[in-house]
Amino acid sequence: MNSLLEYDVKAKRWSATTLGQAITALESLSIEQSLQLIDQIRRACEAMVLISDLHLLFLCIPPQWLEQKQWSSFEWRQLSTLWQRSTLAERRVVDQAGVDESFMISAGTKRAEALEADPRGKAMKRWWGALVLQALLNEESMEQICARMDMGKQSSTDLHLLQMHTATLAGQMSSLC
């Protein structure tokens, strides 16, 4: 249970817990989004995939980032193919987010609207964003990343925005941990 408030019996008043104060400081996230993020961090701590930095990058992708207009025309078939070509360690990250193999494989054949509404679809998009950031951290060129990730409609400006939003959320998350 996430306790945001505590009651001081002597003073007969409610006050914010440390967690409540940290969530209040996260101005870019709603309380609900902050609580979801805290839940993800707690679950990740139980089964963190530390073979690479991918799981940490996944946790730093702002959930609302992929709902922005420039990412609305997402190529699900490409993501399913990318997952099939990924390493076991890369797959473990999305497994920890609750996305099973059958969902990943069938994503290429489902309607985009159904995938967008499903929490597993959102996790898949965050995994994709984490792979993009990992490629940037490994100093791959924008052209290489755009070609490998089939990012024809997205621009390098969009990638810079992803980096900026992720860095912002990572800084904010440090107050929660």
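This write-up is about the structure you can find in this document. Given the structure is predicted, the values throughout are model-derived calculations rather than measurements. (Residues numbered from 1 in each chain as written. Predicted model: local features only at pLDDT ≥ 70, side-chain atom pairs only at ≥ 80, totals over all residues. Heavy atoms only, no water.)

## Some thoughts on unusual backbone geometry
Right, so step 1: Positive phi is not limited to glycine here, since K12 has a value of about 55 degrees.
Right, so step 2: On the secondary structure map, K12 appears in the loop between β1 (5-8) and β2 (13-16).
Right, so step 3: When its relative accessible area of 65% is taken as the criterion, K12 is described as exposed.
Right, so step 4: With a phi angle near 65 degrees, E139 is a residue other than glycine that sits in the positive phi range.
Right, so step 5: For E139, the position within the fold is in the loop between α8 (119-137) and α9 (142-148).
Right, so step 6: Relative accessible area serves as the criterion here: at 73%, E139 is assigned to the exposed category. (Helix = DSSP H or I, 4+ residues; strand = E, 2+ residues; numbered from the N terminus. Buried < 20%, exposed > 50% of the residue type's maximum accessible area, 1.4 Å probe, protein only.)

## Considering helix α10 (residues 156-173)
Right, so step 1: Helix length check: α10 (18 residues) gives 25 Å between terminal C-alpha atoms against 26 Å at 1.5 Å per residue, within 8%.
Right, so step 2: For α10, the full list of buried residues reads D158, L159, L162, T166, L169, Q172 and M173. Viewed along the axis of α10, the buried residues span an arc of 150 degrees, placing them on a single side of the element. (Expected span 1.5 Å × (residues − 1). Arc of directions from axis to C-beta.)

Without other data, these values stay purely geometric and don't point to any function.
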